[in-house]
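Summary of structural features
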Amino acid sequence: MDCLREIQGKQAHDPIFIEKMNTSASWRCICVPGPLIVGAGPSGLATAACLKEKGVPSVVLERSNCIASLWQLKTYDRLRLHLPKQFCELPLMGFPTDFPTYPIKQQFVDYLEAYAREFGIKPRFNETVSQAEYDATLGFWRVKSVGVNGKGTEYVCRWLVVATGENAEAVMPEMEGMGEFGGDIRHTSLYKRGEEFRGKRVLVVGCGNSGMEVCLDLCNHNAKPSLVVRDTVHVLPREMLGRSTFGLSMWLLNWLPIRFVDRLLLIVTWLMLGDTARIGLDRPRLGPLELKNLSGKTPVLDVGTLANIKSGDIKVCPSIKRLKRHAVEFVNGKTENFDAIILATGYKSNVPSWLKEREMFSEKDGYPRRPFPNGWKGESGLYAVGFTKRGLLGTSMDARRIAEDIERCWKHEAKHRMAFTRSLLQQPSSDSSS
Ligand SMILES: Cc1cc2nc3c(=O)[nH]c(=O)nc-3n(C[C@H](O)[C@H](O)[C@H](O)COP(=O)(O)OP(=O)(O)OC[C@H]3O[C@@H](n4cnc5c(N)ncnc54)[C@H](O)[C@@H]3O)c2cc1C
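Residues numbered from 1 in each chain as written. Predicted model: local features only at pLDDT ≥ 70, side-chain atom pairs only at ≥ 80, totals over all residues. Heavy atoms only, no water.

A short note on the sheet that holds strand 17 (residues 320-323)
- Ordered by their spatial adjacency, three strands build an open sheet running 17-18-19, and the pairing between neighbours is antiparallel. Edge positions in the sheet fall to strand 17 and strand 19 (335-337), since each of these pairs with one other strand and no more. In this sheet, adjacent strand axes meet at a mean angle of 25° when their direction is disregarded.
- In terms of strand pairing, strand 17 meets strand 18 (residues 327-330) through three bridges, oriented antiparallel. Across the sheet, the residue bridging to Ile320 is Phe330, located in strand 18. (Pairing = 2+ DSSP bridges. Helix = DSSP H or I, 4+ residues; strand = E, 2+ residues; numbered from the N terminus. Axes fitted to C-alpha atoms, helices over the stretch in contact; angles between N-to-C directions.)

Notes on helix 7 (residues 245-253)
- Along helix 7, the residues classified as buried are Thr245, Gly247, Leu248, Ser249 and Leu252.
- Next to the buried residues of helix 7 lie strand 12 (235-237), strand 13 (239-240), strand 14 (243-244), helix 8 (258-273), helix 9 (288-295) and strand 15 (300-302). (Buried < 20%, exposed > 50% of the residue type's maximum accessible area, 1.4 Å probe, protein only. Contact = heavy atoms within 4.5 Å.)

Details of the nonpolar core
- With 65 residues, the main nonpolar core has Tyr111, Tyr115, Val204, Leu218 and Leu227 as its most contacted residues.
- Two domains each put at least three residues into this core: domain 1 (2-168 + 349-426) and domain 2 (171-346).
- Residues in contact with Leu227, not counting those within four places in the same chain, are Val204, Gly206, Cys207, Gly211, Met212, Cys215, Ile309, Ile314, Lys315, Val316 and Cys317.
- In this structure, Leu36, Leu61, Val351 and Phe361 belong to the second largest nonpolar core, which totals 21 residues. (Core = buried A, V, L, I, M, F, W, Y, C linked by side-chain atoms within 4.5 Å. Domains from an automatic or database assignment.)

Details of the packing of helix 3 (residues 42-53) against helix 5 (residues 105-118)
- Put simply, helix 3 and helix 5 touch, their axes get as near as 10 Å, and they point 30° apart. Comparing the axis directions of helix 3 and helix 5 gives the class roughly parallel. Seen along the crossing, helix 3 lies across helix 5 with a hand that is left-handed. Note on element contacts: helix 5 touches helix 3 through Phe108, Leu112, Tyr115 and Ala116, opposite Pro42, Leu45, Ala46 and Ala49.
- Residues that form the contact of helix 3 with helix 5 fall into these classes: eight nonpolar, no polar and no charged. (Parallel < 35°, antiparallel > 145°, perpendicular 65-115°, else oblique. Left-handed = near helix turned anticlockwise from the far one by under 90°. Nonpolar A, V, L, I, M, F, W, Y, C, P; charged D, E, K, R; others polar.)

A short note on the packing of aromatic side chains
- Applying the stated criterion to the full structure yields 16 aromatic pairs.
- Between the aromatic rings of Tyr191 and Phe197, the centroid separation amounts to 5.9 Å while the plane-to-plane angle is 15°, which identifies the pairing as stacked. Each member of the pair Tyr191 and Phe197 is classed as buried.
- Judged by centre distance (5.9 Å) and plane angle (85°), the ring pair of Tyr367 and Phe387 falls under edge-to-face. Taken as a pair, Tyr367 in the loop between helix 11 (351-354) and strand 22 (382-384) and Phe387 in the loop between strand 22 and helix 12 (391-426) lie far apart in primary sequence, 20 residues in all. No difference in accessibility class separates Tyr367 from Phe387, as the two residues are buried.
- Here the guanidinium or amino end of Lys144 rests over the ring plane of Trp27, the centre of that ring lying 5.1 Å away. (Phe/Tyr/Trp six-rings, centres within 6.5 Å; stacked < 30°, edge-to-face > 60°. Lys NZ or Arg CZ within 6 Å of the ring centre and 35° of its normal.)

Some points on the site of the ligand
- Residues in contact with the ligand amount to 28 residues; listed here are only the nearest, Ser43, Glu62, His82, Asn167 and Leu392.
- Between an oxygen atom of the ligand and a main-chain N or O atom of Pro42, the distance comes to 3.2 Å.
- Backbone polar atom of Leu392 to an oxygen atom of the ligand: 2.7 Å apart, as the coordinates give it.
- Going through the elements one at a time, helix 3, helix 4 (69-73), strand 4 (127-135) and helix 12 are the ones with two or more residues in the shell around the ligand.
- Grouping the constituent residues of the shell around the ligand by class yields twelve nonpolar, 13 polar and three charged. (Near = heavy atom within 4 Å. Polar contact = N/O pair within 3.5 Å; in protein donor to acceptor, adjacent residues only side chain to side chain.)

Observations regarding empty space enclosed by the protein
- Applying the stated criterion to the full structure yields two cavities of 30 Å³ or more.
- Here the second largest cavity defines a volume of roughly 40 Å³.
- Taken together, Thr232, Val233, His234, Pro284, Leu291, Lys297, Thr298 and Pro299 make up the lining of the second largest cavity.
- Its residues assigned to classes, the lining of the second largest cavity comprises four nonpolar, three polar and one charged. (1 Å grid on protein atoms, 1.4 Å probe; cavity = no way out; pocket = protein on both sides within 12 Å on 5 of 7 lines; lining within 4 Å. Points joined across faces, edges and corners; volume = space filled by probe spheres on them.)

A few points about the domain arrangement of the protein chain
- If you check the domain split of the protein chain, you get domain 1 (2-168 + 349-426) and domain 2 (171-346).
- In this structure, domain 1 and domain 2 have C-alpha centres spaced 31 Å apart.
- Across the boundary between the two partners, domain 1 contributes 17 residues, which contact 25 residues of domain 2.
- Both faces considered, domain 1 and domain 2 share a buried interface measuring about 1,700 Å² in area, 52% of it formed by carbon and sulfur atoms.
- When the area that domain 1 buries against domain 2 is broken down by residue, the three leading residues are Tyr76, Arg78 and Tyr102, summing to 37%.
- Here domain 1 and domain 2 share two salt bridges between them. (Buried area = accessible area lost by both parts, 1.4 Å probe. Salt bridge = Lys/Arg side-chain N within 4 Å of Asp/Glu carboxyl O.)

Here we look at the pattern of salt bridges
- Tallying each qualifying case throughout the model produces 23 salt bridges.
- Residue Glu413 is joined to Arg158 by a salt bridge in which the shortest nitrogen-to-oxygen separation is 3.0 Å. Highlighted residues: Glu413 in helix 12 and Arg158 in the loop between strand 6 (152-157) and strand 7 (160-162), separated in sequence by 255 residues.
- Accessibility expressed as a relative area gives 22% for Arg158, which makes it partly exposed.
- Residues Asp339 and Arg201 are paired through a salt bridge, measuring 3.0 Å at the closest nitrogen-oxygen approach. Separated by 138 residues along the polypeptide, Asp339 in the loop between strand 19 and strand 20 (340-343) and Arg201 in strand 10 (residues 201-205) bring together distant segments of the chain.
- Overall, Asp339 belongs to the partly exposed group, its relative accessible area being 27%.
- Assessed through its relative accessible area of 34%, Arg201 is described here as partly exposed.

A word on the side chain of Ser226
- With respect to the secondary-structure elements, Ser226 resides in strand 11 (residues 224-228).
- Look past the residues within four positions of Ser226 in its chain and what remains in contact with it is Val202, Leu203, Val204, Cys215, Lys315, Cys317 and Phe338.

What follows is the structure in structure tokens.
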């Protein structure tokens, strides 16, 4: 069952498959009275729930065959929420009290399933939105989706909510000699656990939260991981001074300027973790919070990887120059043998590939052009949820705002609809006049 799920999930993401379906599709048309939400991840679910609470019905389209497909199909087994649960709750329904501070992946998925049930959200699964365009003559959005069976559907709606996420597609870097490498090369979205790499030399490319955690997982399964660190990176302990580092930072920011908080974080980090530059992890010039605010780059919260780097169980390597049959040549001229390469190179938005609109969303990165907290609303009933680079906290803020905005419009239009219906009912019928 799980296997079938994964195959369908992957098919639904395959551009060649979608193209084939697009050309063979016979289209049908559906008018949606309320908003149409694209994506049934946490952002799509949160928006649908907030709308439901306000009495506005919505339709949710999802390319996979399950909700939260990123979490269910594309993440490794040992994943837990990176942030404490109170910062990851969706609006209107908290986590169960018996959940740990950092829920495991399955607990988070269970919570989202319960959330969807609570608000009666039933996404239309296996529908990949391939195009959405505003029809100015009609004053409606025309949204085309393709199902796994090749059936095409055009939805016509007044409001369109983009909830396809910051992590819609895996980023696969081009590397010289990639076709030549004889071992397994895969993105972290296809990595489940270290078991299959036992005893193997594995090169992990990218030192964000995923890259660091995959290295730790590989160590725990007796593989021999090396980590490519190309850039500077802020590694912070997940907890400091008896509180979560994230929670403490948020609390301090209520009173202190961001640079001061950054200083404080870095001093405590230095006392707890030592000088990370000595193990090959140079820190950026800007502090962790300032950098996050300016560039969206998230600091790494250490869950044990650093100890393995210090002990030599994880080796730090510089950038890759080229791949060879069973080896990797680095920019420092050294060459080392590897059995597998795991690309922890992140994800990107897929909005420019299907949304024919260039004002609200940037064609370059697929994010709203206006920075947080103003990126959630565009023109002509277009909205974005979950593109804040602020995780699930940002999602909750967007979802609430969008629901409030649409509710105002919905109620206003409902008044007109009622008045129109009343006027029709009050008109004397031709029967009674005769
Ligand atoms: C490994 C990892 C750990 C994370 N940990 C945390 C954490 O602890 N705390 C936190 O706040 N954030 C965390 N994040 C950030 C994460 O992005 C959010 O938690 C959350 O998944 C974002 O929800 P979303 O609904 O915006 O996007 P997604 O979860 O990506 O959902 C988007 C949905 O849209 C669907 N979709 C995409 N394109 C189409 C299309 N064309 N047609 C139809 N459907 C489409 C996708 O299939 C997907 O189901 C983590 C991210 C990763 C990768």
